[in-house]
Amino acid sequence: MCWSATADLWAGLGISAVGVASLASVRRPGDAPLAALPLLLGAHQIVEAAVWHAGGGTGPATLAWAVIALPLLPLWVSLGVLTSARPADRPRLLVPLAVGLATTAALVYRLATRPVSAEIRGHTLGYAVDLPYAPLVLAGYLLATVGALLLARDRLLRILGLLSGLGAAVCALLWRTEFVSTWCALAAVASLLLLVWVRGRRPVASAGGSEPGRP
């Protein structure tokens, strides 16, 4: 996925197309953030193609990539899982949302005060940003993204969380210094499962009626 500008571009276009189809299939307003996730991640891969073409560095494409990957995703995913959940399931999902908000705030501050750079390393891209307490920030990031999905009641969302968590472990082992880039690429592919998820959802029943279908 991150092996070249061409691979990122075509993968990004394909994943974005699935994201459009997923968003068009929404029948519950609260499902829209998660349904749009493949579109966001597909666009993210297209931005990374621009980073390749720029030869890495600290330009606008690198900053745009970092904004999506770092502060935006933990808030987007944790909020999306919360809004798609049934009211009775939402209290426990406030924990990853709160962690996501704190992680996003820390990462926004860091990107606003420190440069982020990209370096081409063979067939991968490495991104560098000066993060204090990096292990703590990473733990918060994973809790807000992978953790929120694993806490969802919906089976397909838990599967997505499991795939994302396993992918994070594999990317950390194989591409330690390129972890963020490779994991975001894997998450983009895994997010295609959301098209199946959103198409299996039923509209919320009218007031006084019971909600058909699975939650």
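Residues numbered from 1 in each chain as written. Predicted model: local features only at pLDDT ≥ 70, side-chain atom pairs only at ≥ 80, totals over all residues. Heavy atoms only, no water.

Asks: Would you take a moment to explain the confidence of the model for the chain for this structure?
Replies: Should pLDDT be low for a region, the predicted coordinates there are not to be read in detail. For the chain, per-residue confidence averages 88 on the pLDDT scale, and residues scoring 70 or more make up 90% of the total. Within the chain, no element has a lower average pLDDT than helix α8 (residues 179–190), which sits at 77, and none a higher one than helix α2 (residues 32–35), at 97. The low-confidence segment residues 206–214 (pLDDT under 50) makes 15 contacts with residues lying over four places distant or belonging to another chain. (pLDDT = per-residue confidence, 0-100. Helix = DSSP H or I, 4+ residues; strand = E, 2+ residues; numbered from the N terminus. Contact = heavy atoms within 4.5 Å.)

Asks: Even after reading the chapter, I still don't get the environment of L142, so can you show me in this structure?
Replies: Counting through the fold element by element, L142 comes out in helix α6 (residues 134–151). L142 gets classed as partly exposed once you look at its relative accessible area, which sits at 26%. For L142 and L9, which are 133 residues apart along the polypeptide, the C-alpha to C-alpha distance reads 26 Å. Discounting chain neighbours no more than four positions away, the residues touching L142 are G147 and A168. (Buried < 20%, exposed > 50% of the residue type's maximum accessible area, 1.4 Å probe, protein only.)

Asks: I would appreciate a short explanation of the pattern of salt bridges in the present structure.
Replies: Should the charged atoms of two oppositely charged side chains come close, the side chains can pair. Following the criterion strictly, the structure yields 8 salt bridges and no others. The closest approach of N and O atoms between D154 and R201, which form a salt bridge, is 4.0 Å. Of this pair, D154 sits in the loop between α6 and α7 (155–174) while R201 is found in the segment after α9 (193–199), placing the two residues 47 residues apart along the sequence. Note on accessibility: D154 and R201 belong to one class, buried. Because the salt bridges share partners, they merge into one network encompassing R86, D89, R92 and R153. (Salt bridge = Lys/Arg side-chain N within 4 Å of Asp/Glu carboxyl O.)

Asks: Help me understand the nonpolar core, please; the structure alone is not making it clear to me.
Replies: Nonpolar side chains in soluble globular proteins generally cluster together in the buried interior. The biggest cluster of nonpolar side chains holds 46 residues, and the ones touching the most others in it are L37, V51, W65, L73, V81, L157 and W197. Among the elements that make up this core, the one with the highest residue count is helix α4 (residues 60–84) (10 residues). In this structure, L73 is in contact with L37, L40, L41, I68, Y141, T145 and C184, ignoring residues within four places of it in sequence. (Core = buried A, V, L, I, M, F, W, Y, C linked by side-chain atoms within 4.5 Å.)

Asks: I'm lost on helix α5 (residues 90–113) in this one. Help?
Replies: Three or four residues apart is the spacing at which side chains of an α-helix point the same way, because the helix has 3.6 residues per turn. An ideal rise of 1.5 Å per residue puts 34 Å on 24 residues; α5 measures up with 34 Å between its terminal C-alpha atoms. Buried residues of α5: L93, P96, L97, G100, T103, T104, L107, R110 and L111, and no others. In this structure, the buried residues of α5 make contact with α4, β1 (116–121), β2 (124–129) and α6. (Expected span 1.5 Å × (residues − 1).)

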